[in-house]
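Structural overview
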Amino acid sequence: MTGENKRTIQLAVQSFFGTQPVHYSAIMAALVVSAIPMIIMFIFMQKYYVEGIASSGIKG
């Protein structure tokens, strides 16, 4: 990416590994914050997720 304000979350977390000493607490906090939107989306879309799995199964 060309600028720091346009990086993805994965690249921003990876930049924590370039520092010495490695701050694992900051890395874990960033990973938890980046996982929260996906967890919330899964909670609200769980019905459609299960329906999709059930409808694509092999029927016999």
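**A look at the overall build of the protein chain**
- For the protein chain, the helix and strand inventory stands at 2 helices and 0 strands.
- Taken against the 2.2 N^0.38 rule, which gives 10 Å for 60 residues, the C-alpha radius of gyration of the protein chain at 18 Å runs more than 25% over that of a compact globule.
- Oriented by its inertia axes, the alpha-carbon framework of the protein chain measures out at about 60 × 25 × 20 Å.
- Here the protein chain, with 60 residues, has 3% of them falling under the buried criterion.
- Total accessible area on the protein chain is roughly 5400 Å²; 68% of this is exposed by carbon and sulfur atoms.

**Some thoughts on the packing of aromatic side chains**
- Counted under the stated rule, the structure contains 1 aromatic pair.
- Both rings, one in Phe 42 and one in Tyr 49, keep their centres 5.5 Å apart while their planes meet at 75°; by these two values the pair is edge-to-face.
- Residue classification places Phe 42 among the partly exposed positions, given a relative accessible area of 41%.
- Its relative accessible area of 49% is what places Tyr 49 among the partly exposed residues.

**A closer look at the environment of Ala 29**
- Along the chain, Ala 29 turns up in helix 2 (residues 24-55).
- Counting along the chain gives 17 residues from Ala 29 to Gln 46, while the straight-line C-alpha distance between them is 25 Å.

Definitions and limits used
- Residues numbered from 1 in each chain as written.
- Predicted model: local features only at pLDDT ≥ 70, side-chain atom pairs only at ≥ 80, totals over all residues.
- Heavy atoms only, no water.
- Helix = DSSP H or I, 4+ residues; strand = E, 2+ residues; numbered from the N terminus.
- Rg over C-alpha atoms; globule rule 2.2 N^0.38 Å.
- Buried < 20%, exposed > 50% of the residue type's maximum accessible area, 1.4 Å probe, protein only.
- Areas by Shrake-Rupley, 256 points an atom, 1.4 Å probe, with all protein chains shown as cover.
- Phe/Tyr/Trp six-rings, centres within 6.5 Å; stacked < 30°, edge-to-face > 60°.

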